[in-house]
Amino acid sequence: GADGGGGGGGGGGAVEAAAEEVSPPLDTAHYNVLLSCLSRPRRWKEALELSARMGERGVQRDTSTYNALISVMKAAGKWKLALKLLRRMRSEGVPPDTITFSAAMAACARGGEWRSALLLMGSMRQAGVRPNTVTFSAAISACEKGGEWARALRLLRQMGDEQVPPDLITFNAAIGACAKGGEWERAMSLLTEAMPAEGITPDSVSYNAAITAHANAQPARPDGALSLLRAMEGEGGAPPDNFSYNGVISAFGRAGRWEEAVALLRQLAAGEVAHGGEALSPDLVSYTAAISACAEAGRAAEAAALLEELRSSGLPLSILPFSKAIAAAAKAGEWRVACATLRQVSSLQLRHNALTTNLVLRACDAAGEPAAALSALLPLLRESAAAGVASPADEETLELVPHLLLRAAEAAEVAEAVEGA
């Protein structure tokens, strides 16, 4: 049940015991204070144990108790438990309030469960609880996570109809939803018209979401993204951060303008950009976006150079920039570079994936080098088997292997015939 959850280190019990040593038996109000002390994500099990002990000791759980519990679940990303607690609360006849529903909806938002969040909005109205700014913001955030921009904007209009004032968080979630869908015109309308009309000043999150909307547009709109970045850099603008620059680099890359993407990376690397009085520097996402820009344009040498620069930077690494560099090599027909980059992934003990494997196999196949493709694949299969992890192969890999074996056999026959002649 929702009151289970196993041991959580006994922290809740220790706090409870200490409180009882110096005071009379704990009542509901005392337990509610203790629960609010367990609001850190990792302490959700202790919160459930404390709630269970309330039941065992005959201490009544009230609205504040459940609000604290559901808030802990929200912080821990346990949306299913948040909903289970809400159901239990109602079955016990404890009335939920605006805070209850807002916390449960925020938990659903964190889990990307936009449908559950919207169902809660309906349940809230049925319970006679009026949604407020926090509630609507939670529902819009859930739509943002699910990429449901049309529903997010519908909720925003509904706020106006019901005279519930939006705040900065509301608008940022709505712009973020538009960004996921590449709806740059709607994002810009919110940023430049709706927010000023409500007297709300956009912050870096607002601008970054609008930049992402330009990057995700079909086709990408790098000039629009760059204009927003320059507005942030201007007097009185929201200060740009790595997210801002990375969004513009991505926009240039998706538009096939790799040189401008790399130039912006260079601007970051030169320390020419400040945020909060400190110079910004490229992060893993910056390099990955620039390498991806080179991959889109088939610039294998530039992608390889950026990858080497990233490796020398001391930044934490992931498979993604290597995948992008392999894609650049494959697009340029540089199968040897693709194979060498794949070997780097192994030497750095990064986790391979099927996408990267297939890129290398296809590059070798296109170059008429089936044996090289098979030679690249075999060590990956051995490594994954030795490590006890899933092999970096999928259905496409399984389709490619017989084809490569056949081509390799044919090549061997031709070589034998030539030798015999």
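Residue numbers run consecutively from 1 along every chain, following the written order of its sequence. Per-residue local features of the predicted model are confined to residues with pLDDT of at least 70, and side-chain atom pairs are confined, for both listing and counting, to 80 or more; whole-chain, interface and lining totals are unaffected and use all residues. Heavy atoms from the whole structure form the basis of all side-chain values; hydrogens and water molecules are not counted.

**Looking at the overall build of the chain**
Put simply, the test is: For the purposes of this entry, the term helix denotes a DSSP run of H or I that reaches at least four residues, the term strand denotes a run of E that reaches at least two, and both are numbered from the N terminus. Based on C-alpha atoms, the radius of gyration is set beside the globule rule, defined as 2.2 Å times the residue count to the power 0.38. Each residue is assigned to one of three classes by its accessible area relative to the maximum for its type, calculated with a 1.4 Å probe on protein chains only: buried under 20%, partly exposed between the two thresholds, exposed over 50%. Residue contacts are defined here by distance: any two heavy atoms, one from each residue, within 4.5 Å place the two residues in contact. Using the Shrake-Rupley algorithm and a 1.4 Å probe, accessible areas are obtained, with residue cover drawn only from the displayed protein chains. Positive charges come from Lys and Arg, negative ones from Asp and Glu, while His and the chain ends are left out of the count. By convention, the charge on Lys lies at NZ, on Arg at CZ, on Asp at CG and on Glu at CD.
Within the chain one finds 22 helices and two strands. Over its C-alpha atoms the chain spans a radius of gyration of 27 Å, topping by over 25% the 22 Å that the globule rule assigns to 421 residues. For the C-alpha atoms alone, the extent of the chain along its principal axes is close to 100 × 55 × 40 Å. Here the chain holds 421 residues, and the buried ones make up 45% of them. A separation threshold of at least 6 residues defines the contact pool for the chain, and within that pool the share at least 24 residues apart is 65%. Within the structure as shown, the chain displays about 20100 Å² of accessible surface, and the carbon and sulfur contribution to it stands at 52%. Considering the chain, the positive charge centre built from 39 side chains and the negative charge centre built from 47 side chains are found 5 Å apart.

**So, the packing of aromatic side chains**
Cut-off, in case you're wondering: Two rings from Phe, Tyr or Trp (for Trp, the six-membered ring) form a pair when their centres are within 6.5 Å of each other. A pair whose planes differ by under 30 degrees is stacked, one over 60 is edge-to-face, and the rest are tilted. Put simply, a charge is over a ring when the Lys NZ or the Arg CZ is close to the ring centre, within 6 Å, and near the line of the ring normal, within 35 degrees.
Throughout the structure, instances matching the rule amount to zero aromatic pairs. Sitting above the plane of the Trp-184 ring, Arg-221 keeps its charged end 3.5 Å from the centroid.

**Description of the packing of helix 10 (residues 168-180) against helix 11 (residues 184-197)**
The criterion, for reference: Interaxial angle, 0 to 180 degrees, is taken between N-to-C directions of lines fitted to C-alpha atoms, where a helix line uses only the stretch in contact. Roughly parallel here means an angle under 35 degrees, roughly antiparallel means over 145, roughly perpendicular means 65 to 115, and every remaining angle is called oblique. If you view the pair so one helix is near and one far, a crossing is left-handed when the near helix is turned anticlockwise from the far one by less than a right angle, and right-handed when it is turned clockwise. Here the nonpolar group is Ala, Val, Leu, Ile, Met, Phe, Trp, Tyr, Cys and Pro; Asp, Glu, Lys and Arg are the charged ones; every other residue, Gly included, is treated as polar.
Running from amino to carboxyl end, helix 10 crosses helix 11 at an angle of 160°, the nearest separation of the two axes being 8 Å. Put simply, helix 10 runs roughly antiparallel to helix 11. Judged by the sense of rotation from one axis to the other, the crossing of helix 10 with helix 11 is left-handed. Along the contact surface, helix 10 presents Leu-168, Phe-171, Asn-172, Ala-174, Ile-175 and Cys-178, while helix 11 presents Arg-186, Ala-187, Leu-190, Leu-191, Ala-194 and Met-195. Per-class residue counts for the contact of helix 10 with helix 11 are 10 nonpolar, one polar and one charged.

**What to know about the packing of helix 18 (residues 319-331) against helix 20 (residues 354-366)**
When two helices pack together, their arrangement is given by the angle between the helix axes and by the axis-to-axis distance. Where helix 18 contacts helix 20, the axes come no closer than 9 Å and their chain directions differ by 15°. As far as their axial angle goes, helix 20 and helix 18 are roughly parallel. The two elements helix 18 and helix 20 cross, and the hand of that crossing is left-handed. On the side of helix 18, the interface is formed by Ile-319, Ser-323, Ile-326, Ala-327 and Ala-330, while helix 20 contributes Thr-356, Leu-359, Val-360 and Ala-363. A breakdown of the residues in the contact of helix 18 with helix 20 according to their chemical character gives seven nonpolar, two polar and no charged.

**Describing the pattern of salt bridges**
Keep this limit in mind: By definition here, a salt bridge exists when the distance from a side-chain nitrogen of Lys or Arg to a carboxyl oxygen of Asp or Glu is within 4 Å.
Inspection of every chain in the model, using the stated rule, returns 12 salt bridges. For Glu-302, the salt bridge is made with Arg-299, and the minimal N-O distance between the two is 3.0 Å. Of the residues examined, Glu-302 reaches a relative accessible area of 24% and is grouped as partly exposed. Note on Arg-299: relative accessible area 33%, which makes it partly exposed. Where Arg-407 meets Asp-365, a salt bridge forms, and the shortest distance between an N and an O atom there is 2.6 Å. Linking Arg-407 in helix 22 (residues 395-420) with Asp-365 in helix 20, this pair joins segments that are 42 residues apart in sequence. For Asp-365, a relative accessible area of 15% corresponds to the buried category. Members of the salt-bridge network, linked through shared partners, are Asp-223, Arg-257 and Glu-260.

**What about unusual backbone geometry?**
Note the cis peptide between Gln-218 and Pro-219, where omega equals -5°. You can see Pro-219 is positioned in the loop between helix 12 (204-216) and helix 13 (222-233). A positive phi is found at Gln-163, a non-glycine position, where the angle reads about 55°. Summarising the element assignment, Gln-163 is placed in the loop between helix 9 (149-161) and helix 10. Unlike most non-glycine residues, Gln-349 shows phi in positive territory, near 60°. Residue placement: Gln-349 occurs in the loop between helix 19 (335-347) and helix 20. Taking the relative accessible area as the measure of exposure, Gln-349 reaches 73% and is therefore exposed.

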